[in-house]
Structure formats: structure tokens, C-alpha cells
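# Structural characterization, general
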Amino acid sequence: MNDRPLIGITCRTALHQASQKLRQTETVTRTYVESVERAGGLALLLPNTSPDAAEAYLDLVSGLVLTGGDDVAPRFYGEEPHPAIDLVDDRRDAFEIALLRAAHARRMPLLAICRGVQILNVAFGGDLYQDLPSQTGNTLGHAQRRLDDGPWHELNVEPPSLLARLSGPAPLHVNSFHHQACRRAGRGLVPTARAVRDGSIEALEDPSLPFWLGVQWHPELNAASGEPRSLALFSGLLSAARERGSAASK
Ligand code: MN
């Protein structure tokens, strides 16, 4: 048996032409796969499918990465669409909510990224800003305007947190490619990082689980090439997945 845990990575359903089912594809940005492999794992891409299949997919993996993508449909937190909301995909939302609730019950290690932290929050009863610029007046703070994937804004990180343990004490600057953000945190979820400029939530954790972390930035864009503080999030996930695996086999 190899020691490379299998990590489930969620996909985005790309609707190249919405009316043509032939052109609907399950896609994932390569850097998620590369980051998981670089941290010592193997990737299993999880298609957006029926919520009924969530438990069976979880049987196959030792950890989960929830990836970025489109907006979360506001009906999942009881709101009507704001005029500035972008594309939503109810099918993906429903599958990922089922996956998250089942993974939580199993205490499975989770790294949820960008849209991932938003759907994590919604899955446990939290809600979102549908459009940060129009709902908070911060028009440029989270929309990256540089040609590479390097840092855009600074975070305040809570010292006693998983994120602080993984990324170390130096000030943390992260990239930012989002117009939605977590607003009220869901059940059991603790905000452990906020943007310095506007205080918006940039990380959520459930401290009652060994490794349950959502971040609003995109560590995979830099972890894939080995940037230490980005890769640390994936290495932490893989360590937790290995721990869990060895505990389960005892
Ligand atoms: Mn941001």
C-alpha cells in the first residue's frame, strides 16, 4: 500500500453552450491537482453529481479539496439574487453541500478554497455577501489587479488557529480573486483571518475537528510551484489525511 493519500477534488461544470448538453464538461484548474501531488497526495476528481452519491464518493478518499468557481446560489441561504450576482450552478451547490455535511460527520480533513469557503459557510447555515463591492463599498480591495498570482492584500490572522500554525507568524499577504465573501459565520465555524483593509472574512475553521479549513484566497496558484506558505496548507491537509488513514487501519 502506498503512502500517498487519495484526495477528492471538486470540479466546476463548464457550460460552454448552456443549451447543449454535449458541451458540458467537468473541469478543474490544474494547479489544484499539482498542489495535492506536490504535497504527497494523489487526486481523485469528483464530478458534480447527485447529492445521494456524496457518501459513496467519500468512501474512496482520505481528504477533500473544495475548489473555486462560480457564485453560490443565494437561495441556499434564503436570499433573492442581488443584481450584481454572477453565474450560479444549483446542481454543484447541492452536491458540495451534501459532500461537506457528510465529510464533517466523518471528521475528514478539508481544505476549501475561494468559492469553497463560501459554500462551506452556507452548508452550515452561514451566509454571504453576494457582491462585496456594491454591498460594502470596497470596490477594488478583493479584485486582484496584477499580472501574476502573487499577494494582493494583507490579512490579520488569529494566533491560536490552524491557519496560524500552518503559515507561521510573519504577516500574511494573499492573492484575491473574489467578489463574494462570507458574512455571518455558520455553526461551529470560527473566522481565523480577516482582510486588514475591510475586515471581511478570509478564513474559517472548525476547531473541533483535526483539519477543517476554508480560505478565501487561492493558495493552489503558488503551492503548485512550491511557495512554502501556500504549500503548507496542502502539506497540512496531507498530514491530516495520513493520520486519519493510519488511525482507521488500527
Ligand atoms: Mn480577498
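Structure: see above.
Residues numbered from 1 in each chain as written. Predicted model: local features only at pLDDT ≥ 70, side-chain atom pairs only at ≥ 80, totals over all residues. Heavy atoms only, no water.

It is worth spelling out the environment of Asp-3 at this point. When you line up the elements, Asp-3 lands in the segment before β1 (6-10). Looking at Asp-3, the relative accessible area reads 55%, which means it is exposed. C-alpha separation for the pair Asp-3 and Ser-246, spaced 243 residues apart in sequence, amounts to 9.9 Å. With residues up to four places along the chain from it excluded, the contact list for Asp-3 reads Gly-40 and Arg-242. (Helix = DSSP H or I, 4+ residues; strand = E, 2+ residues; numbered from the N terminus. Buried < 20%, exposed > 50% of the residue type's maximum accessible area, 1.4 Å probe, protein only. Contact = heavy atoms within 4.5 Å.)

This part covers the side chain of Glu-202. Note on placement: Glu-202 falls in strand β12 (residues 201-205). A polar contact is formed between the side chain of Glu-202 and the side chain of His-142, at a distance of 3.2 Å. With residues up to four places along the chain from it excluded, the contact list for Glu-202 reads His-142, His-153, Leu-155, Val-174, His-178, Ala-193, Arg-194, Ala-195, Gly-214, Val-215, Gln-216 and Trp-217. (Polar contact = N/O pair within 3.5 Å; in protein donor to acceptor, adjacent residues only side chain to side chain.)

Every protein donor of the manganese ion is listed here as His-142 (ND1), His-153 (NE2), Ser-176 (OG), His-178 (NE2) and Glu-202 (OE), and their distances to the metal cover 2.2 to 2.4 Å. The motif formed by the donor residues of the manganese ion, counted along the single chain, is H-x10-H-x22-S-x1-H-x23-E. Pair noted here: His-142 is in the loop between α5 (132-136) and β8 (153-157) and His-178 is in the loop between β9 (172-174) and β10 (181-182), with a separation of 36 residues, a long-range link. (Donors = N, O, S within 2.8 Å, 3.2 Å for Na, K, Ca; no water.)

Side chains that differ in sign of charge can pair as their charged atoms come close. One pass over the structure, following the stated rule, counts 13 salt bridges. The closest approach of N and O atoms between Arg-75 and Asp-90, which form a salt bridge, is 2.5 Å. Remark: Asp-90 occurs in helix α3 (residues 90-105) and Arg-75 occurs in the loop between β5 (63-66) and α3; sequence separation between them is 15 residues. Judged by relative accessible area, Arg-75 falls into the exposed class, the value being 54%. Where Arg-183 meets Asp-127, a salt bridge forms, and the shortest distance between an N and an O atom there is 3.4 Å. Within this pair, whereas Arg-183 is found in the loop between β10 and β11 (190-195), its partner Asp-127 is found in the loop between α4 (115-123) and β7 (128-129), the two being separated by 56 residues in sequence. We classify Asp-127 as buried; its relative accessible area is 10%. What emerges from the salt-bridge pattern is a single network uniting Glu-79, Asp-127, Arg-183 and Arg-184. (Salt bridge = Lys/Arg side-chain N within 4 Å of Asp/Glu carboxyl O.)

These figures capture arrangement, not role.
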